[in-house]
Amino acid sequence: MKKLTQIIIAAALIPALLQTSCFAAAITDAELAELSAYGIFSGDEDGYRLGDYVTRAEFCKMVCVAASLPAVDSGVDFSDVDASHWAYEYIAAAAASGLINGDENGNFDPDGNITYTDGAKIILQALGYEPFADSMGGYPSGYYFTANQYGLSDGMLFDSYNPMNRKDAAQMLYNALDVPLMVEGDNASGGAMVFYIADGESGREKITFRIRLDG
């Protein structure tokens, strides 16, 4: 974890500390259709199966597609993931981007269920909010706080360490589509890294998952 003294969070992030998350309505059929159109979330002959749990491999695919991360066909070091796994390229992409890591035995457990906290952490890292979450206490509390502050948990009950169902995975990913990315800014004086939200304000470019997907 980066020490707080090594990070400067731009002033634009401070209002988030004063906000409370608005509990929006649950995900709609239209929103599910949007996710499906982007290739983030899909169903089968039984529909979207919203009550089923989401595996860690499935969630990697969803986040990689949402974040426009290109698939990677090599480099997975997890002892329980080989090239024959259906999600190998997505797991490799997530690992290469620093979104996931293995346990103390080098396993990723691709077919185990993703928890709410781990899912939020992966999405927040893909959005670039790791420095902010770390400055707010790191894993898990800092990521739980950040997920609430930036609306990832709107429309759902964030059930911490319990398995996430497909409905809430879809909700979290849909909420993430329009969250401006947090990016590293120029720091002419050197020293501490500076981060800001790419929200289109103050002459900055606006960057979101949706903008990239539509681009």
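Residues numbered from 1 in each chain as written. Predicted model: local features only at pLDDT ≥ 70, side-chain atom pairs only at ≥ 80, totals over all residues. Heavy atoms only, no water.

Student: So what exactly am I meant to see when it comes to the pattern of salt bridges here?
Tutor: Oppositely charged side chains can form a pair if their charged atoms are brought close together. Within the structure shown, the criterion is met by six salt bridges. Taking the shortest distance from any N to any O, the salt bridge between glutamate 34 and arginine 210 comes out at 2.8 Å. Of the two residues, glutamate 34 is situated in helix α1 (residues 29-38) and arginine 210 in helix α8 (residues 209-214); the sequence distance between them amounts to 176 residues. Using a relative accessible area of 15% as the deciding quantity, one classes arginine 210 as buried. Put simply, Glu34, Asp178 and Arg210 are held in one network by salt bridges that share partners. (Salt bridge = Lys/Arg side-chain N within 4 Å of Asp/Glu carboxyl O. Helix = DSSP H or I, 4+ residues; strand = E, 2+ residues; numbered from the N terminus. Buried < 20%, exposed > 50% of the residue type's maximum accessible area, 1.4 Å probe, protein only.)

Student: What's the story with unusual backbone geometry in this structure? I'm lost.
Tutor: Excluding glycine, most residues fall at negative phi; most peptide bonds, likewise, are trans. The linkage connecting tyrosine 139 with the following residue, proline 140, adopts the cis geometry, with an omega of 0 degrees. Tracing the chain through its elements places proline 140 in the loop between α5 (130-135) and α6 (141-149). Residues other than glycine seldom take positive phi values, yet arginine 49 does so here, at roughly 50 degrees. In this structure, arginine 49 sits in the loop between α1 and α2 (56-66). Its identity is not glycine, yet aspartate 109 carries a phi of approximately 60 degrees, on the positive side. Relative to the elements of secondary structure, aspartate 109 occurs in the loop between α3 (88-96) and α4 (116-127). Accessibility expressed as a relative area gives 43% for aspartate 109, which makes it partly exposed.

Student: I would appreciate a short explanation of the packing of α1 against helix α7 (residues 166-176) in the present structure.
Tutor: The description of two helices packed together rests on the angle between their axes and the distance between the axes. One way to put it is that α1 packs onto α7 with a least axis distance of 10 Å and a crossing angle of 75 degrees. Here α1 is positioned roughly perpendicular relative to α7, judged by the angle of their axes. Residues Glu31, Leu32, Glu34 and Leu35 of α1 lie in contact with α7, whose contacting residues are Ala170, Leu173 and Tyr174. Looking at the contact of α1 with α7 residue by residue, the classes come out as five nonpolar, no polar and two charged. (Axes fitted to C-alpha atoms, helices over the stretch in contact; angles between N-to-C directions. Parallel < 35°, antiparallel > 145°, perpendicular 65-115°, else oblique. Contact = heavy atoms within 4.5 Å. Nonpolar A, V, L, I, M, F, W, Y, C, P; charged D, E, K, R; others polar.)

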